[in-house]
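Now for the letters of each chain:
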Amino acid sequence: MMHHLFQKGTDNAAPTLLLLHGTGGTENDLLPLAEIISPSSNVLSVRGNVLEHGMPRFFRRLAEGVFDEEDLVFRTKELHGFLAEAAEKYDFDRSNVVAIGYSNGANIAGSLLFHYENALKGAILHHPMVPRRGIPLPLLTGTPIFISAGTNDPICAPQETTDLEKLLSEAGASVQVHWENFGHQLTRSEVEAAKRWFEANF
Ligand code: MLT
């Protein structure tokens, strides 16, 4: 079990939103995004199980931008297992889950896509990096993925975004990238772009 909150939505057919916060965040952080993007959806918001100087994260890192791969793989498996448990407990459709992640949360969402087939129906990744390199990806045929990135993001260089887009597209995903002329921060306009993308795809 992972620390989380679940909110039952009003529309059973709408995707369940899986919210994954950034470093130092909690399961409450991205609730406003769920409300903007799909207010009738179930919301499953999870708190990262790893602490870095007291700050919750979804996996360990050795330095900023340098991931502990072993822990990343272990934590991805843990989150994948938790999704199955939660779907049973709260009676939502496991095959209809769309992730919304920011920064470290976007990275674990990316890692779910990199490691497990049918892990997510779609994903909104705000400021993600490439979670892992040099591994074959599962088939992601037609999986809609929205990526937003900042042209001046010091944590996530534009090349990371371009590489991630390429890797996901090569696995068959249908990727849309949205650029902001800002840094690592999450902006209102990228959330609005994600909302338009969500409405066009779900
Ligand atoms: C990460 O560790 O996932 C990235 O550096 C993003 C962050 O959480 O700062």
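Refer to the structure printed above.
The following refers to the structure shown. From a predicted model like this one, the values you see are computed outputs, not experimental measurements.

## Notes on the layout of surface pockets
Alright, step 1. Here the largest pocket is characterised by a volume of approximately 200 Å³.
Alright, step 2. Considering the residues around the largest pocket, the lining is formed by 13 residues, among which Asn118, Ala119, Leu120, Lys121 and Thr143 are closest to the centre.
Alright, step 3. Considering only residue class, the lining of the largest pocket consists of six nonpolar, four polar and three charged.
Alright, step 4. In this structure, the second largest pocket occupies an estimated 150 Å³ of space.
Alright, step 5. Taken together, 13 residues line the second largest pocket, and the ones lying closest to its centre are Thr23, Arg57, Arg61, Ser103 and Ile155.

## Re the site of the ligand
Alright, step 1. Around the ligand, the neighbouring residues are Thr23, Arg57, Phe59, Arg61, Gly65, Phe67, Ser103, Asn104, Asn107, Met129 and Ile155.
Alright, step 2. For the ligand, an oxygen atom lies 2.8 Å from a polar atom in the side chain of Arg57.
Alright, step 3. Measuring from an oxygen atom of the ligand, one finds a side-chain N or O atom of Ser103 at 3.4 Å.
Alright, step 4. Protein burial of the ligand: of its 260 Å² of free accessible surface, 96% is covered by the chains.
Alright, step 5. Of all the cavities here, the one that holds the ligand is the second largest pocket.

Reading the values: rules and limits
Residues numbered from 1 in each chain as written. Predicted model: local features only at pLDDT ≥ 70, side-chain atom pairs only at ≥ 80, totals over all residues. Heavy atoms only, no water. 1 Å grid on protein atoms, 1.4 Å probe; cavity = no way out; pocket = protein on both sides within 12 Å on 5 of 7 lines; lining within 4 Å. Points joined across faces, edges and corners; volume = space filled by probe spheres on them. Nonpolar A, V, L, I, M, F, W, Y, C, P; charged D, E, K, R; others polar. Near = heavy atom within 4 Å. Polar contact = N/O pair within 3.5 Å; in protein donor to acceptor, adjacent residues only side chain to side chain. Areas by Shrake-Rupley, 256 points an atom, 1.4 Å probe, with all protein chains shown as cover. Sits in = over half its atoms within 2 Å of the grid points.

That's the geometry; what it means functionally is another story.
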